[in-house]
Number of protein chains: 4
Amino acid sequence: MTNRSTLSLKGVFTPLATPFDEQDEFAPEKLVSNINKLNQTGLNGYVVLGSNGEYVYLSEKEKMEVLNIARQVIPKDKLMIAGTGCESTRNTIALTLQAAEIGADAVIIVNPSYYKSEMTVPVLAAHYQKIADVSPIPVIIYNFPPGTSIDLSAELLVRLSHHPNIIGVKDTGGLMPKMGETIYQVAPGFQVLAGSASFLFPSLAIGAVGGVLALGNIAPLQCLEIYRLFCAGDIENGRALHLRMLPVNAAITTRFGVSGLKAAMEMLGYQGGLPRSPLLPLPETQKQELQTILKTGGLL
Amino acid sequence: MTNRSTLSLKGVFTPLATPFDEQDEFAPEKLVSNINKLNQTGLNGYVVLGSNGEYVYLSEKEKMEVLNIARQVIPKDKLMIAGTGCESTRNTIALTLQAAEIGADAVIIVNPSYYKSEMTVPVLAAHYQKIADVSPIPVIIYNFPPGTSIDLSAELLVRLSHHPNIIGVKDTGGLMPKMGETIYQVAPGFQVLAGSASFLFPSLAIGAVGGVLALGNIAPLQCLEIYRLFCAGDIENGRALHLRMLPVNAAITTRFGVSGLKAAMEMLGYQGGLPRSPLLPLPETQKQELQTILKTGGLL
Amino acid sequence: MTNRSTLSLKGVFTPLATPFDEQDEFAPEKLVSNINKLNQTGLNGYVVLGSNGEYVYLSEKEKMEVLNIARQVIPKDKLMIAGTGCESTRNTIALTLQAAEIGADAVIIVNPSYYKSEMTVPVLAAHYQKIADVSPIPVIIYNFPPGTSIDLSAELLVRLSHHPNIIGVKDTGGLMPKMGETIYQVAPGFQVLAGSASFLFPSLAIGAVGGVLALGNIAPLQCLEIYRLFCAGDIENGRALHLRMLPVNAAITTRFGVSGLKAAMEMLGYQGGLPRSPLLPLPETQKQELQTILKTGGLL
Amino acid sequence: MTNRSTLSLKGVFTPLATPFDEQDEFAPEKLVSNINKLNQTGLNGYVVLGSNGEYVYLSEKEKMEVLNIARQVIPKDKLMIAGTGCESTRNTIALTLQAAEIGADAVIIVNPSYYKSEMTVPVLAAHYQKIADVSPIPVIIYNFPPGTSIDLSAELLVRLSHHPNIIGVKDTGGLMPKMGETIYQVAPGFQVLAGSASFLFPSLAIGAVGGVLALGNIAPLQCLEIYRLFCAGDIENGRALHLRMLPVNAAITTRFGVSGLKAAMEMLGYQGGLPRSPLLPLPETQKQELQTILKTGGLL
């Protein structure tokens, strides 16, 4: 086969929120504002159309708009990674080709999950291989058990790591034994990214090269600092910052979800706006709780 | 509020498979052939674009094609129920309006499930209410835990049962305590349908009015006979047929999935064709197992 | 092999609560009082030392006391079934032999579950076979997923059904597809019992021969009436009573647990007493809720 | 209240296997042999009667024998921690008092789990507090979801951390977000131990003070070296050894269980013997697999 793609995934990436306007339509200027602001930090790149980007609530046309707008403001020294996973292989391929056309540097592809009992290792392996075979840009696997209720096995990841166009995995499962097993066995050069700030630091300890962090939307500097401290061998300070960020990270992910993330963005000077229905805006009492958490975390 | 919709869901419904041709494109003539054949039986109606219809693998355009074709061959004395659930409320409403326009008698709507931890009772209640408020045709809730990893609670179903345009639920969870609790508490006239032949018979015993059965694609007469025997009070013969159908039903659902269903259709004179990728065609060894099961079940 | 044991498990059985006194010691006179009262009904027998009997909180010495006392007041025309399951095969056998010595008619044995990942079909099959080989009295398998987090498979039950000294299963999992599959495949004469009133009625519809029902501790006549109505073919009235009992049954099992069961017993003239720690007595607010439920159910 | 117990749990502890003889009886001389051998290493102590010690398969009398024997050969500079958890509070207290009498330095107590739905935070908090109130020696909480199917919440651990006689937790759940949240919030001095070598290294990174490691039974030096490398700030070599041990650790825990652990002990010069039924001896083919794994891991 051809040589492995050599795109480096080292560092910290942010899965961008997709802002909507008062009429519940995609608000390009808000996205541009957010990216411009984040561009000032040392973030290594962005995932556009990830789970935090409410990609499941966007039409195909809207997805293209979002990618196009993002491409215009993401500078060439930061990676633009497009989320193009669909339930079917053909739709995923179609979206992947469009993302490459628009100029994405890589795609990140969540596994199909509707027919769970049939999503065996051979089925998922064939799915990813068909896509990677035709994708003009490198493919990153996206393991997202909170959404798919499937935790991609080390066996599958190891198998796929040998495809020259599959360069890594964003693992939001966060199980250390499996992540370690994966890192130990994958083909050389295959890169593992932590899928949440809640386990970035210990993941780095066992060999992850970086993270794709929702937290980067509101605390990019803290995320980068955790990464820098680890790389500098300063475990004690890295751990302290990691622990301090845990309640903040929980608030914008597992506790209050995308509604919490968008509310936090608004509180911190980003353009969050409201989530799309069925997601509901964060209720007032939870907003106050969120505010307290952001203050305690040193962000407000 | 207005009066409750009075569409009867009594009896046996079949969630139609969506056949594809050799080029993996929707094959209208195959669908027509299947429906024409099933029309000869006493089936009370069809679900078009259900889980067995691989709706998650169809583009929006294809969905409209399938609905249009189905509408042409489903006679007026059988219900045409369209699957229009999407992750977002707005996409679900759009598809629902289109289905009504095409002439569907009702819609069946699977719950959004990607952001699982946020799919609370209030969130899902608001979602369904917004849709039912604007849908010109009655709404049926679709509870499908094998796909969504969420089992809609009795509390939610009871709450929604009071909406005049929400007329019932297809429950594929199949937990008798919850189904009983639901039946006991819902608003009068709200109808519960068993979501699988694997628990149709006991569901009828506790008050379900019928079923939406994948098995109806290959054994419509047996499904109808189980229903008839129950209604006639012939528990002994009903149970015997129910038990005999269990291995057949498992083969085309939990064991071999849509791939198994389509293979069985081919064996029994229907136009199954192949499933779409990532689903793979049933392997040869499993085909032989399936054949044996169909023979033992008296279908071949 | 020898002939199958022919003990009939048809009908309704009650898993007796174990009452304690003010000093938290086993209170024999309370147990006697309860059994004497229940003896007046048509119950077909009792399980002593079941989950509702808090068997996991009793010392081995206490277990023997409870069995001895129960044996003295359970008449010969009602079955006395002793719960003798332990984690190890040798302890289970020892307890089984003692129960037989005391005069139990059968034993009911919950599967070991501590080393869950190792409790494979061969391991559990060997366990039950070793016990059944030496037990002087028939063995009933006890499937209790709420406690063990293991749902014994139809495959295991079918395999064990061929042992002449294993006569049935109490299934508290309550999944109709699996129960049906089991009933369809087990050796002739092997008897399936519903493990809860929440699914007794539909279980009878698919071939269960009866039930072991916590509800029997407080509503024995209603349990018996549900069973009688089903046997008489009166589905409509049977269903109505089944549905009416659901909230009552939930209150003393899944909702408020043994604490709720014992509180309900006290409210209804039985000797419940308090549960053992770590279980806590039912709080006052929940007691009031329970009282309302009992009234609505027609028991108070 | 009194001051917090100050027993240090820093370092590496081994949960000892309990060896049986040919007649399936406890074999004291084998246990003595193992401990004497392990005493030569720098292990910081032992857990006696833990999950790896098959404590659920021992009678109460056997438990005392094991503790007594262990006490005789565990030197005073290594901790002897006794597993005394039972389902009931009173049995746990009784066993705890006996262990203290025998001279254990601390007890480690698994949470009750049979009545899962009732094991709420208040119930479990009261359970542990009652025990810690009367225990003459410090109490360590034992979180073991693989056996209990309950993952003790950070909320519970934080609450219990304020009891002066509850000094730490062995967490075998291994979820980094929860472990981090716990470490961040517990009372000063409360110590978190990793419950498996599969996540010891990343746990140390976020503030765990050590581990209780089944792997210590067969690879004590490697476990100690992982700990030492981390403390020395040598992340790279620590990670390498951590990753190399993963397949070995999996083989004696999640893959082959206690049967695998005992077989590995035999291969490596320890006195493993056979597990008790229902556990079965490791089959020959798996023994060969295990041998290969031990060789690849550098142990054989």
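Computed from a predicted model, the values in this text were never measured in an experiment.

Draft legend 1. View of the relation of the copies chain A and chain B. Expressed as a screw operation, the relation of chain A to chain B combines 0.0 Å of axial shift with a rotation of 180°, fitting to an RMSD of 0.0 Å. Between the two chains, the operation in question is that of a two-fold axis. The rotation axis passes nearest to the C-alpha of A:Ser149 in chain A, at a distance of 3.3 Å. Taken as a fraction of all interface residues of chain A, those also at the interface in chain B reach 100%, which identifies the copy contact as same-surface.

Draft legend 2. Seen up close, the sheet that holds strand β8 (residues 210–212) of chain C. Residues and elements named next belong to chain C. Read around the closed barrel, the eight strands follow the order β1-β2-β3-β4-β5-β6-β7-β8; overall the barrel is parallel. Averaged over all pairs of adjacent strands, the angle between their axes in this sheet comes to 25°, without regard to strand direction. Pairing between strand β1 (residues 11–15) and strand β2 (residues 45–48): three bridges, direction parallel. By the bridge assignment, Thr-14 is partnered in β2 with Tyr-46.

Draft legend 3. Spotlight on the interface of chain C and chain D. Contacts between chain C and chain D engage 42 residues on the former and 43 residues on the latter. For the pairing of chain C and chain D, the buried interface totals around 3200 Å² over both sides, and the portion due to carbon and sulfur atoms is 53%. The three residues of chain C that bury the most area against chain D are C:Arg90, C:Tyr114 and C:Tyr115, which together make up 23% of that side's buried surface. Where chain C meets chain D, there are six salt bridges.

Draft legend 4. Inspection of the side chain of C:Lys170 at higher detail. All names here are of chain C. Residue position: Lys-170 is located in strand β6 (residues 166–171). One buried charged side chain, Lys-170, makes no salt bridge at all; its nearest oppositely charged neighbour is Asp-171, positioned 9.5 Å away. Once residues within four sequence positions are removed from consideration, Lys-170 is found in contact with Ile-108, Ile-140, Ile-141, Tyr-142, Asn-143, Leu-193, Gly-195 and Val-212.

Draft legend 5. Spatial organisation of the sheet that holds strand β4 (residues 106–110) of chain B. All names here are of chain B. What the eight strands build is a closed barrel, ordered β1-β2-β3-β4-β5-β6-β7-β8; its pairing is parallel. Strand-to-strand twist of the sheet, defined as the mean angle between neighbouring strand axes without regard to direction, takes the value 25°. Two strands pair when backbone bridges link them, and strand β3 (residues 79–83) and β4 are joined in this way by three bridges, in the parallel orientation. The residue bridging Ala-82 from the neighbouring strand is Val-107, located in β4.

Draft legend 6. Representation of the packing of aromatic side chains within the structure. In this structure the tally under the stated criterion is 24 aromatic pairs over all chains. Ring centres of A:Phe144 and B:Tyr114 lie 5.5 Å apart, and the angle between their planes is 35°; this geometry places the pair in the tilted category. Taken as a pair, A:Phe144 in the loop between β5 (139–143) and α5 (145–148) and B:Tyr114 in the loop between β4 and α4 (121–134) lie in two separate chains rather than in one. Of the two residues, A:Phe144 and B:Tyr114, neither departs from the other in class, the shared state being buried. Considering the side-chain rings of B:Tyr114 and B:Tyr115, the 5.1 Å spacing of their centres and the 85° angle between planes classify their relative orientation as edge-to-face. Grouping residues by exposure puts B:Tyr114 and B:Tyr115 together as buried. The lysine or arginine in question, A:Lys37, covers the ring of A:Tyr270, its NZ or CZ lying 4.2 Å from the ring centre.

Draft legend 7. Region of the structure containing helix α12 (residues 284–296) of chain B. Residue and element names in this part refer to chain B. With 13 residues, α12 should cover 18 Å at 1.5 Å per step; its first-to-last C-alpha distance of 19 Å lies within 8% of that length. Listing the buried residues of α12 in full gives Leu-290, Ile-293 and Leu-294. Down the axis of α12, the smallest arc covering the buried residues is 100°, so these residues share one side. Exposed positions of α12 whose direction lies more than 90 degrees from the buried face are Glu-284, Thr-285, Lys-295 and Thr-296. As for α12, its buried residues are in contact with α10 (235–255) and α11 (257–267).

Draft legend 8. Representation of the packing of helix α1 (residues 28–39) of chain A against helix α2 (residues 60–73) of chain A within the structure. All names here are of chain A. In contact at an axis separation of 10 Å, α1 and α2 are set at 35° when each is read in the N-to-C sense. α1 and α2 meet at a crossing whose hand is right-handed. Here α1 contributes Pro-28, Leu-31, Val-32, Ile-35, Asn-36 and Asn-39 to the contact with α2, which in turn contributes Val-66, Ile-69, Ala-70 and Val-73. Looking at the contact of α1 with α2, its residues break down into eight nonpolar, two polar and no charged.

Conventions adopted
- Position numbers for residues count from 1 along each chain, tracking the sequence in the order it is written.
- To read the labels, note that chains go from A and ligands from 1, taken in the order they are written.
- With pLDDT at 70 or above as the cut-off, local features in this predicted model cover only qualifying residues; side-chain atom pairs require 80 or more to be listed or tallied, and sums for whole chains, interfaces and linings still use all residues.
- For the side-chain quantities, the full set of heavy atoms in the structure was used; hydrogens and water were omitted.
- Overlaid copies result from least-squares superposition on C-alpha atoms, with residues included only where pLDDT is at least 70 in both.
- Residue contacts follow a heavy-atom distance rule, with two residues in contact if any of their heavy atoms lie within 4.5 Å.
- Note on pairing: DSSP must find at least two bridges between two strands before they are called paired.
- By definition, any uninterrupted DSSP run of H or I lasting at least four residues is a helix, any uninterrupted run of E lasting at least two residues is a strand, and each is numbered from the N terminus.
- Axis geometry follows a simple rule: fit a line to the C-alpha atoms, using only the stretch in contact for helices, then measure angles between N-to-C directions, giving values from 0 to 180 degrees.
- Accessible area that two parts lose when put together, evaluated with a 1.4 Å probe and summed over both, is termed the buried area.
- When a carboxyl oxygen of Asp or Glu lies within 4 Å of a side-chain nitrogen of Lys or Arg, that pair is called a salt bridge.
- Exposed residues in this analysis have more than 50% of their type's maximum accessible area, buried residues have under 20%, and partly exposed residues fall in between, with area computed by a 1.4 Å probe over protein chains only.
- Working convention for charge: Lys and Arg count positive, Asp and Glu count negative, and His plus the chain ends are omitted.
- Each pair of aromatic rings taken from Phe, Tyr and Trp, with Trp reduced to its six-membered ring, is defined by centres within 6.5 Å and is described as stacked if the planes are under 30 degrees apart, edge-to-face if over 60, and tilted in the remaining cases.
- Think of it as a cone above the ring: NZ of Lys or CZ of Arg counts as a charge over the ring if it is within 6 Å of the ring centre and within 35 degrees of the ring normal.
- By this rule, a helix spans an expected 1.5 Å times one less than how many residues it contains.
- Starting at the helix axis, one direction is taken to each C-beta atom, and the arc is that of these directions.
- Definitions for this section: a left-handed crossing has its near helix turned counterclockwise from the far helix by less than a right angle. A right-handed crossing has that turn clockwise.
- Classification used: nonpolar for Ala, Val, Leu, Ile, Met, Phe, Trp, Tyr, Cys and Pro, charged for Asp, Glu, Lys and Arg, polar for all others including Gly.

Nothing here speaks to function; it is all geometry.
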